[in-house]
Amino acid sequence: MPTSAPTGSTPGTTYVSMGQLKPLKFKLEVASSGGCNTQGGEGQASCGSSDGPQDMPAAIWDKVKDHPCYSEEAHHHFARMHVAVAPACNIQCNYCNRKYDCSNESRPGVVSQKLTPEQAVRKVVAVASAIPQMTVLGIAGPGDALANPAKTFDTFRMLQAQAPDIKLCISTNGLALPDLVDEICKYNVDHVTITINMVDPVIGAKIYPWIFWNHRRVTGIEAATILHQRQMLGLEMLTARGVLTKINSVLIPGINDQHLMDVNREVKKRGAFLHNIMPLISEPEHGTVFGLTGQRGPSAAELKAVQDACMGGANLMRHCRQCRADAVGLLGEDRSEEFTLDKLDQMQDVVYDLNKRQAYQAKVALERTAQQAAKQQALASAAALKSAQNLKVMVAVATKGGGRVNEHFGHVTEFQVFEVSATQAKFVGHRRVDQYCQGGAGDDEPLPSVVRAINDCHAVLVAKIGACPRDELMQAGVEPVDAYVGEFIEKAALGWFNDYRARVASGAVVHQARGDAQIRQGAYTTLAA
Ligand code: CLF
Ligand code: SF4
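As annotated in an unreviewed UniProt entry, the protein is FeMo cofactor biosynthesis protein NifB from Rhodoferax antarcticus ANT.BR. UniProt lists a comment for the protein under the heading Pathway (unreviewed entry), and it reads "Cofactor biosynthesis; Fe-Mo cofactor biosynthesis." According to its UniProt record, the protein has this under Cofactor (unreviewed entry): "[4Fe-4S] cluster".

The structure is reproduced here in structure tokens:
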């Protein structure tokens, strides 16, 4: 549970209600914008994480099915890329410093090269030709996409002419959003993310020292109030125009941890399709205000507790990787180094092969159908098993994509974590780690950090694992399992879980609760071969 005092319901709370916002001239289509996001209850509150075509209107499914951020299932198969065409920002967040660059650092705002719109389009076409699973282009900085409207929309305009099948996506702080909704719709941008960390300007003043508004710098509660009003208005306008919206919130322990339930409720009211609650990334070396003042990020259990407390509100996304503003590849990998400007110059005769891309996507559609069928079958087996029915455990999985257990323990730079019970196998997050095998036989040093990262898990499913890490994991209470190599993840997790339940029921194993785990920041993202 979060350890900090509640902050969201203090006296003097100054929510800005819908009525205080400028009257809207249209009818809000909250309920129809996301069929699944109106359904509460535990089983339905993870639309962005695992829902399928049966859970939402066909038009919505069509928009999310190949978007790795809007569908957890899609993120095993499809990639996104960002182009860093938007350097300027119109606000300051206490967790942001855009001067920082490191090729191993994965967090928003970090880039190695800023691009012109022309360079960006060249890069997108080259990436799309080389990586058929790349379906989405996002503009997410390194500043704010909508504080740089000419560069953002020029990029979209030029790209649409060359690669019309690529979905367009924007991430914004929302300050400029209401003025640019027409432009967003003009370029068929179907997905907009707004970072909303508060609906209470008193809390907002602790996160945002200033905004730049009407040609002047505004500070304090006045700044947070303006930002809040613009965010709510922009969200309502997008909902009314049928644009899918995702809300990103940074969980800052002691500042907005208790308050994010209010944020979830308010954005759901206004038609947000998804809510992505992300841990604060805060280290002194990043040079951010929070990094320098020692503001800590949440632990894995604190993050999960806030996400779980929001279940039944707006649908939750739990598979965000807090990408760099120039990230390329599947979520959790970054291939941007393969597509630097120098390397683009050396690429001759790039051909945009739509047929190849469509063939890949058709193959993925078949694979996803098989994955769903395998999951349903495994769930039926789990429900039929009568022993230890109330158990619920977390399982870490080594995967390099495709929704399967297919990575060697020593090559993992990120584990996926699933919560497994007799009724579900649900993705709940990922954990970055330093690669255990640094070449050759393996290195003992990274293992303690791996154990800390998956310390809340009872088992880790891998394609292969050496004798040394196997023994040490066993000693730490995490069971290494290589019996499900190549299987779909949910089927493998439920298969192991059923076996574990049987062992618990027979007395062969005594079930014990696990501890908390550490969310590792800034671990390697590019080492894996
Ligand atoms: Fe990029 Fe964001 Fe679009 Fe995705 S990322 S602009 S919605 S294409 Fe995705 Fe990366 Fe998380 Fe963003 S994992 S940081 S949520
Ligand atoms: Fe940084 Fe984005 Fe905040 Fe601007 S809105 S200060 S780019 S995190």
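Having seen the structure, we can now continue with the description.
Engineer: How should the site of ligand 2 be read in this particular structure?
Structural biologist: Neighbouring ligand 2 are Cys-89, Ile-91, Gln-92, Cys-93, Tyr-95, Cys-96, Arg-98, Pro-142, Gly-143 and Asn-173. Grouping the amino acids of the shell around ligand 2 by side-chain chemistry returns six nonpolar, three polar and one charged.

Engineer: What am I meant to see in unusual backbone geometry here?
Structural biologist: Outside of glycine, negative phi angles account for most residues, and trans bonds account for most peptide bonds. Residue Gly-141 is joined to Pro-142 through a cis peptide bond whose omega torsion reads 15 degrees. For Pro-142, the position within the fold is in the loop between strand E3 (134–139) and helix H5 (149–162). Unlike most non-glycine residues, Asn-188 shows phi in positive territory, near 55 degrees. If you trace the backbone, Asn-188 turns up in the loop between helix H6 (177–186) and strand E5 (191–195). Since its relative accessible area comes to 51%, Asn-188 is described here as exposed.

Engineer: Just checking my understanding: could you explain the confidence of the model for the protein for this structure?
Structural biologist: It should be kept in mind that the predicted coordinates are not to be read in detail where pLDDT is low. Per-residue confidence for the protein averages 83 on the pLDDT scale, and 84% of its residues sit at or above 70. A low-confidence stretch, residues 1–49 (pLDDT under 50), is modelled with 125 contacts involving residues beyond four sequence positions or located in other chains.

Engineer: Help me understand the pattern of salt bridges, please; the structure alone is not making it clear to me.
Structural biologist: Side-chain pairs of opposite charge can arise where the charged atoms are in close proximity. Counted under the stated rule, the structure contains 29 salt bridges. For the salt bridge of Glu-222 with Arg-216, the shortest nitrogen-to-oxygen distance reads 3.0 Å. Owing to a relative accessible area of 42%, Arg-216 belongs among the partly exposed residues under this scheme. Glu-266 is the salt-bridge partner of Arg-270, the closest N and O atoms lying 2.8 Å from each other. Classification of Arg-270 as buried rests on a relative accessible area of 0%. Judged by its relative accessible area of 15%, Glu-266 is buried.

Engineer: How do you make sense of the site of ligand 1 when you look at a structure like this?
Structural biologist: If you check the shell around ligand 1, you find 15 residues, and the closest are Cys-69, His-82, Cys-169, Cys-320 and Cys-323. A breakdown of the residues in the shell around ligand 1 according to their chemical character gives seven nonpolar, five polar and three charged.

Engineer: How should the sheet that holds strand E10 (residues 316–317) be read in this particular structure?
Structural biologist: In a beta sheet, neighbouring strands pair by backbone hydrogen bonds and run either parallel or antiparallel. Here eight strands make up an open sheet; going across it, the order is E10-E9-E8-E5-E4-E3-E1-E11 and the pairing mixed. Looking at strand neighbours, the two that pair on one side only are E10 and strand E11 (328–330), the edges of this open sheet. Strand contacts of helix H9 (residues 260–269): strand E8 (244–251), strand E9 (274–279) and E10, with the helix running at about 170 degrees to E8, the strand carrying the most contacts.

Engineer: Quick question: what am I supposed to make of helix H11 (residues 300–309) here?
Structural biologist: The periodicity of an α-helix, 3.6 residues per turn, causes residues three or four places apart in sequence to face the same way. With seven of its ten residues buried, H11 lies for the most part within the structure. Along H11, the positions that sit buried rather than exposed are Ala-300, Glu-302, Leu-303, Lys-304, Ala-305, Val-306 and Gln-307.

Engineer: Could you clarify how one ought to interpret the side chain of Ser-421 in this entry?
Structural biologist: Tracing the sequence through the fold places Ser-421 in strand E13 (residues 414–421). Overall, Ser-421 belongs to the buried group, its relative accessible area being 6%.

Engineer: Whenever I open this one, the side chain of Asn-197 confuses me. Can you help?
Structural biologist: Position of Asn-197 relative to the elements: it lies in the loop between E5 and helix H7 (201–204). Among the residues examined, Asn-197 registers a relative accessible area of 0% and is labelled buried. Side chain to side chain, Asn-197 and Tyr-95 meet in a polar contact 2.9 Å long. A polar atom in the side chain of Asn-197 sits 2.8 Å from the side chain of Tyr-208. Excluding residues that lie within four positions of it along the chain, Asn-197 makes contacts with Tyr-95, Ile-207, Tyr-208, Asn-248, Ser-249, Val-250, Asn-256, His-259, Leu-260 and Val-263.

Engineer: Just checking my understanding: could you explain the environment of Ala-272 for this structure?
Structural biologist: Assignment of secondary structure puts Ala-272 in the loop between H9 and E9. Each C-alpha atom of the pair Ala-272 and Leu-238 lies 9.1 Å from the other, and the pair is 34 residues apart in sequence.

Engineer: Hey, could you run me through the pairing of strand E4 (residues 167–172) in this one?
Structural biologist: On a regular strand, each side chain points to the face opposite its neighbour's, so the side chains alternate between the two faces of the sheet. Within E4, five of the six residues are buried, leaving the element largely enclosed by the surrounding structure. As defined by bridge partners, E3 adjoins E4 across four bridges and the pair is classed as parallel. The partner of Leu-137 across the bridge, within E4, is Leu-168. As a crossover connection, the stretch from E3 through H5 into E4 is right-handed. Of the strand pairs in this sheet, E4 and E5 are connected by four bridges, and their pairing is parallel. Pairing of Cys-169 across the sheet is with His-191, part of E5. A crossover links E4 with its parallel partner E5, the connecting element being H6, and its sense is right-handed.

Calculation criteria
- Residues numbered from 1 in each chain as written.
- Chains lettered and ligands numbered in written order.
- Predicted model: local features only at pLDDT ≥ 70, side-chain atom pairs only at ≥ 80, totals over all residues.
- Heavy atoms only, no water.
- UniProt positions renumbered as here; feature names shortened; annotations may be inferred.
- Near = heavy atom within 4 Å.
- Nonpolar A, V, L, I, M, F, W, Y, C, P; charged D, E, K, R; others polar.
- Helix = DSSP H or I, 4+ residues; strand = E, 2+ residues; numbered from the N terminus.
- Buried < 20%, exposed > 50% of the residue type's maximum accessible area, 1.4 Å probe, protein only.
- pLDDT = per-residue confidence, 0-100.
- Contact = heavy atoms within 4.5 Å.
- Salt bridge = Lys/Arg side-chain N within 4 Å of Asp/Glu carboxyl O.
- Pairing = 2+ DSSP bridges.
- Axes fitted to C-alpha atoms, helices over the stretch in contact; angles between N-to-C directions.
- Polar contact = N/O pair within 3.5 Å; in protein donor to acceptor, adjacent residues only side chain to side chain.
- Right-handed = clockwise from strand over helix to strand, strands pointing away.

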